[in-house]
Amino acid sequence: MIKEYRKFVLFAATLMAAFLLVPDMVLAETIQESKIFTGTMKMLNDGTTALMIAAPVIGALVIGYFLIRRSAADEMDQKQWNKRVFVALVSVVGVELVSVIINVVTSYYA
């Protein structure tokens, strides 16, 4: 049984010895100054800004398409197109709200 896990046990023992023998080892700077954190914050801010601009534009195009299709449909199909217009409107509002919430939350970390 131990022979199967010998490499793992040896690696774990070496790792524990390294951490115990070097207690003052510093692995990274503070998280707010790390490149991963600052890059992620910039990416989130840029992405949410792009979403706040693109969502209404794309939503307006989709709603316009749905309204054109509704005008050419019969009475039964018009109900479906009305539902699609409503869903598109709610989706645009949802994307805007999520973008604003992400911007507000990330503004506290900057």
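Attention here is on the structure that accompanies the text.

Cut-off values and rules
- Residues numbered from 1 in each chain as written.
- Predicted model: local features only at pLDDT ≥ 70, side-chain atom pairs only at ≥ 80, totals over all residues.
- Heavy atoms only, no water.
- Helix = DSSP H or I, 4+ residues; strand = E, 2+ residues; numbered from the N terminus.
- Buried < 20%, exposed > 50% of the residue type's maximum accessible area, 1.4 Å probe, protein only.
- Contact = heavy atoms within 4.5 Å.
- Areas by Shrake-Rupley, 256 points an atom, 1.4 Å probe, with all protein chains shown as cover.
- Core = buried A, V, L, I, M, F, W, Y, C linked by side-chain atoms within 4.5 Å.
- Expected span 1.5 Å × (residues − 1).
- Bend = angle between axes of the 7 residues up to and from the residue.

This next bit is on the overall build of the protein chain. What the protein chain contains, in helices and strands, is three helices and zero strands. In sequence order, the secondary structure elements of the protein chain are arranged as α-α-α. Across the 110 residues in the protein chain, those meeting the buried criterion constitute 13%. Contacts spanning at least 24 positions in sequence make up 63% of the contacts within the protein chain whose residues lie at least 6 apart. Summed over its atoms, the accessible surface of the protein chain is roughly 9,300 Å², and 72% of this surface lies on carbon and sulfur atoms.

This part is about the nonpolar core. Ranked by size, the top nonpolar core spans six residues in total: Ile63, Phe66, Ala73, Trp81, Val85 and Ala88. Every element with two or more residues in this core is listed here: helix H2 (35-71) and helix H3 (75-107). In terms of residue count, H3 provides more of this core than any other element does, three residues in total. When near neighbours in sequence (up to four residues on either side) are disregarded, Trp81 contacts Phe66, Arg69, Arg70 and Ala73.

Another aspect to go through is H2. The terminal C-alpha atoms of H2, which comprises 37 residues, lie 53 Å apart, in line with the 54 Å expected from a rise of 1.5 Å per residue. Remark: the principal bend of H2, roughly 30°, maps to Ala54, with a proline, Pro56, within the next four residues. Among the residues making up H2, those that are buried are Met41, Thr48, Ala55, Gly59, Ile63 and Phe66. Against the buried residues of H2 lie H3.

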